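# Overview (structure and organization)
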Amino acid sequence: QLQLVESGGGLGQPGGSLRLSCVASGSIFRINVIGWYRQAPGKQRDLVAVITSGGITTYADSVKGRFTSSRDNANNTVYLQMNSLKPEDTDVYYCNANIKRSRYGYAMDYWGKGTLVTVSS
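Nothing here was measured: the structure is a model prediction, and the numbers come from that model. (Residues numbered from 1 in each chain as written. Predicted model: local features only at pLDDT ≥ 70, side-chain atom pairs only at ≥ 80, totals over all residues. Heavy atoms only, no water.)

Enumeration over the complete set of coordinates arrives at 4 salt bridges. Measuring nitrogen to oxygen at the nearest pair gives 2.9 Å for the salt bridge that ties Arg-38 to Asp-89. Taken together, the residues Arg-38 in strand E4 (residues 30-39) and Asp-89 in the loop between strand E8 (77-82) and strand E9 (91-100) connect sequence positions 51 residues apart. Across the pair Asp-91 and Arg-38 runs a salt bridge whose closest N-O atoms are separated by 3.7 Å. Taken together, the residues Asp-91 in strand E9 and Arg-38 in strand E4 connect sequence positions 53 residues apart. We note that Asp-91, like Arg-38, is buried. The network of salt bridges with common partners includes Arg-38, Arg-66, Asp-89 and Asp-91. (Salt bridge = Lys/Arg side-chain N within 4 Å of Asp/Glu carboxyl O. Helix = DSSP H or I, 4+ residues; strand = E, 2+ residues; numbered from the N terminus. Buried < 20%, exposed > 50% of the residue type's maximum accessible area, 1.4 Å probe, protein only.)

Take unusual backbone geometry next. Most peptide bonds take the trans form, and the phi angle of most residues other than glycine is negative. Despite not being glycine, Asn-76 shows a phi value in the positive range, around 50°. When you line up the elements, Asn-76 lands in the loop between strand E7 (67-72) and E8. Notably, Ser-84 is not glycine yet its phi reads approximately 50°, a positive angle. With respect to the secondary-structure elements, Ser-84 resides in the loop between E8 and E9. Residue Ser-84 is classed as partly exposed on the basis of its relative accessible area, which comes to 38%.

A few words on the nonpolar core. Trp-36 and Leu-80 are the most contacted members of the largest nonpolar core, which has 26 residues in total. Looking at this core, the elements that each hand over two or more residues are strand E3 (18-25), E4, strand E5 (46-51), E8, E9 and strand E11 (115-119). When residues no more than four places from it in sequence are discounted, the contact partners of Leu-80 are Leu-18, Arg-19, Leu-20, Trp-36, Val-48, Ala-49, Phe-67, Thr-68, Ser-69 and Tyr-93. (Core = buried A, V, L, I, M, F, W, Y, C linked by side-chain atoms within 4.5 Å. Contact = heavy atoms within 4.5 Å.)

Here we come to the sheet that holds E7. What the 4 strands build is an open sheet, ordered E1-E3-E8-E7; its pairing is antiparallel. A single partner strand is all that each edge strand has here, and the edge strands are strand E1 (3-7) and E7. Neighbour to neighbour, the strand axes of the sheet diverge by 15° on average, direction disregarded. Relative to E3, E1 runs antiparallel, the two sharing 5 bridges. The residue of E3 that forms the bridge with Gln-3 is Ser-25. (Pairing = 2+ DSSP bridges. Axes fitted to C-alpha atoms, helices over the stretch in contact; angles between N-to-C directions.)

Here you go:
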């Protein structure tokens, strides 16, 4: 069974840093694009960052210059380095990965269960 598990959330100080990780496990042939999303209670899930299999990244304007996404393809892991944290970064953060499980199968999107980030002094 394929799983995405986020970790690294918690309490961060305004101006501080947190590093999120998302690990994919199970039967995986190739992981294509991976996205980081965030969602507050009662609000829509917003895209924060995208990283392609080749490492090309795109960021939402709200986090550009503060957040950096990277990936370790050998270990099926993606990271979100969050610097200069702001209270408005408080959300549940999710990773979403487009994964091909076999050479001849179709790629599908998978979601993790999320990790809570709280930014407060």
